[in-house]
Amino acid sequence: MTDLDTRVARPHAPLLRRAAPALLGYAAVRALGLLVLVVWSAARGKSAHTLLTARWDSLWYTRVAELGYGYQVRLPNGDVHSNLAFFPLLPWLERLGHAVTPLSYADAGFVVSLLASLAAAAGIFAVADRVYGPRVGVCAVLLWAVLPVGVVQSMAYSESLFTALAAWALYAVLTGRWLSAGTLAALAGLTRPVGMAVVAAVWTAAVVSFVRERGTRHTPGAHHDEHTPDAHSATHASTPGAHTHTHAPAPGALVSQGAPAPAPGASVIPRAPLWRRALAMLIAPLGAAGYVLWVGHRTGTGPLGYLDVQAGWRNGFDGGYAFTRFVGDKFTSFPSALAGLGLVIGVALLIWLYVTGVRGRQPVALLVYTGVVLALALCASSYFGSKPRLLMPAFPVLLPLAGALARLRVPRSALVVAGLAVAAAVYGAFWLNGSGPP
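Note that this is a predicted model, so its numbers are computed, not measured.

**Q** Explain the overall build of the protein chain to me, and be specific about the residues and the numbers.
**A** Scanning the protein chain from N- to C-terminus turns up 19 helices and 2 strands. Counting only residues that meet the buried cut, the protein chain has 49% of its 438 residues in that class. Excluding contacts between residues fewer than 6 apart, the proportion of contacts in the protein chain whose partners are at least 24 apart in sequence is 76%.

**Q** Lay out the packing of helix 15 (residues 336-359) against helix 16 (residues 364-378) in plain terms, naming residues and giving numbers.
**A** Where helix 15 contacts helix 16, the axes come no closer than 11 Å and their chain directions differ by 165°. Judged by the angle between their axes, helix 15 and helix 16 are roughly antiparallel. Judged by the twist between their axes, the crossing of helix 15 over helix 16 is left-handed. The residues of helix 16 that touch helix 15, namely those facing Val 347, Leu 350, Tyr 354, Gly 357 and Val 358, are Leu 367, Thr 370, Gly 371, Leu 374 and Leu 378. Of the residues assigned to the contact of helix 15 with helix 16, the class counts are 7 nonpolar, 3 polar and no charged.

**Q** Tell me about the pattern of salt bridges, and please be specific about residues and values.
**A** Per the counting criterion, the structure on display carries 7 salt bridges. Here Glu 159 ties to Arg 192 by a salt bridge, and the two come within 3.3 Å at their closest N and O atoms. Of this pair, Glu 159 sits in helix 7 (residues 159-174) while Arg 192 sits in the loop between helix 8 (178-189) and helix 9 (195-218), placing them 33 residues apart in sequence. On the basis of relative accessibility, which here comes to 0%, the residue Glu 159 falls in the buried class. By relative accessible area, Arg 192 is classed as buried at 12%. Here the salt bridges do not stand alone but share partners, grouping Asp 57, Glu 159, Arg 192 and Arg 389 into one network.

**Q** Give a description of the environment of Tyr 354 that names residues and reports values.
**A** By secondary structure assignment, the location of Tyr 354 is in helix 15. On the accessibility criterion, Tyr 354 (24% relative accessible area) is partly exposed. Distance in space between the C-alpha atoms of Tyr 354 and Leu 374 is 9.2 Å, their sequence separation being 20 residues. Those residues within four positions of Tyr 354 in sequence are excluded, and the remaining contacts are Leu 367, Thr 370, Gly 371 and Leu 374.

**Q** Can you tell me about the packing of aromatic side chains, naming the residues and giving the values?
**A** When we look at a pair of aromatic rings, we describe it by the centre distance and by the angle of the planes. Tallied over the entire structure, the rule returns 17 aromatic pairs. Taken together through their ring pairs, the aromatic side chains of Trp 60, Tyr 61, Tyr 71, Phe 86 and Trp 313 make up a single cluster. Above the ring of Trp 60, the side-chain terminus of Arg 63 is found at 5.9 Å from the ring centroid. Looking at Arg 63, its charged tip hangs above the ring of Tyr 71, at a distance of 4.2 Å from the centre.

**Q** Tell me about the environment of Tyr 132, and name the residues and values.
**A** Inspection of the secondary structure puts Tyr 132 in helix 5 (residues 105-132). Counting along the chain gives 230 residues from Tyr 132 to Gln 362, while the straight-line C-alpha distance between them is 9.5 Å.

**Q** Before we move on, can you summarise helix 15 with the specific residues and values?
**A** Within an α-helix, residues lying three or four positions from one another point in the same direction, as the helix has 3.6 residues per turn. With 24 residues, helix 15 extends 35 Å from end C-alpha to end C-alpha; this agrees with the ideal 34 Å at 1.5 Å per step. Residues of helix 15 that are buried in the fold lie against helix 14 (321-330), helix 16 and helix 18 (399-406). Of the residues flanking the end of helix 15, it is Arg 361, one or two places downstream, whose phi is positive at about 60°.

**Q** Quick one: what's the story with a nonpolar patch on the surface, residue by residue and with numbers?
**A** A cluster of nonpolar side chains, Trp 40, Val 422, Val 426, Tyr 427 and Phe 430, forms an exposed patch at the surface whose accessible area comes to about 450 Å². By secondary structure assignment, the location of Trp 40 is in helix 1 (residues 15-43). Of the residues examined, Trp 40 reaches a relative accessible area of 30% and is grouped as partly exposed.

**Q** Residue-level account of the side chain of Thr 163, with values.
**A** Position of Thr 163 among the secondary structure elements: in helix 7. For Thr 163, a relative accessible area of 0% translates into the label buried. In contact with Thr 163, not counting residues within four places along its chain, are Ala 120, Ile 124, Trp 144, Pro 393 and Phe 395.

**Q** Go over the nonpolar core, please, and point to the residues and values.
**A** Judged by nonpolar contacts, the single largest core of 108 residues is most densely connected at Tyr 369 and Leu 432. With residues up to four places along the chain from it excluded, the contact list for Leu 432 reads Leu 37, Leu 51, Leu 52, Arg 55, Trp 56, Val 151, Met 155 and Pro 437.

What counts as what
- Residues numbered from 1 in each chain as written.
- Predicted model: local features only at pLDDT ≥ 70, side-chain atom pairs only at ≥ 80, totals over all residues.
- Heavy atoms only, no water.
- Helix = DSSP H or I, 4+ residues; strand = E, 2+ residues; numbered from the N terminus.
- Buried < 20%, exposed > 50% of the residue type's maximum accessible area, 1.4 Å probe, protein only.
- Contact = heavy atoms within 4.5 Å.
- Axes fitted to C-alpha atoms, helices over the stretch in contact; angles between N-to-C directions.
- Parallel < 35°, antiparallel > 145°, perpendicular 65-115°, else oblique.
- Left-handed = near helix turned anticlockwise from the far one by under 90°.
- Nonpolar A, V, L, I, M, F, W, Y, C, P; charged D, E, K, R; others polar.
- Salt bridge = Lys/Arg side-chain N within 4 Å of Asp/Glu carboxyl O.
- Phe/Tyr/Trp six-rings, centres within 6.5 Å; stacked < 30°, edge-to-face > 60°.
- Lys NZ or Arg CZ within 6 Å of the ring centre and 35° of its normal.
- Expected span 1.5 Å × (residues − 1).
- Patch = residues over 30% accessible without salt bridge, like charges linked within 9 Å, V, L, I, M, F, W, Y side chains within 5 Å.
- Areas by Shrake-Rupley, 256 points an atom, 1.4 Å probe, with all protein chains shown as cover.
- Core = buried A, V, L, I, M, F, W, Y, C linked by side-chain atoms within 4.5 Å.

See below:
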């Protein structure tokens, strides 16, 4: 019997009700961050509202929403910054918000990000709850909230919107809702270039399901048992306090000490008709491919014209060469060597967390998605100060840490989260009042 052949009983409480503690905790962390930002900015004679809605990329998105595409800036060194580099979904939503409310384009973008951040928190909970259970789900959401650059989640940027679409697309894959997964992947592809990570996750999960299904059909004596788990197990799972998942991991499963053990049966994907999976694979890339091809047509530079637009911003994929040189240069003097050491430790931690997820047998859709996000963020030659926020959508790397946090007693885990929330709020206020995100 394969994972795909196992049917999981429904949880006894609706998903959003189970997610309520996570959402309340998330809202509290973000409210603290915004409060500290307002006080800090006022003390420096700056406007927190302006920092959140009218600087850096927020201005580019607002300009697209208001005036459309075609604006560009030519820098003294010859670089051309075109607003075609910015994908259209957030500007479309800003335009819609401005049309149906009294909000300005910038304020509409701020509201979209606030709502999207809550949707992202709910999606992260849904994924973590599906794989590891509700307590890990709550911890995963809180850890995502207290990231050092978590304030970006409340800015008129596209990170929250993309993370929400990605998380719910992954949840749709894990629960066998293939058409929803494909549609959400297409929308993610209209939000950021890293939308290809969601597409890759949908495609890989679909292909794996095809292969496993075909292998089951051709294995002598193998059959699809639609009644697994048995009636007794299903009844047990539906009783209050019982966990949804009823099957133990396969013998010999590799579970790292630092990773939470997957809830039994958590990576099970319900079977679906082949045509739904195939249609999801067709729909998933339409958003990203459609925009990239449109940019190529508009610029007259062919199907890959979007790469030329990114090159004008000095963005490209070099396998991490530029980033490695950037880190190496930090070690040529002191105290910049401390920053270099911090970067090395940070990258090593990300790789360790990813490997822990692999050893802990995270679902393949999560591993593919996370791997692509990490690769694009770490191996791109883009502005290095933006890498922390580019890594923000890679929320599955937080799951091993969430598992460790969930194993603590509630008072101790609450104290840890509270300390991290205060630190993140202070750092976010300091960061936005200084260099901030590019």
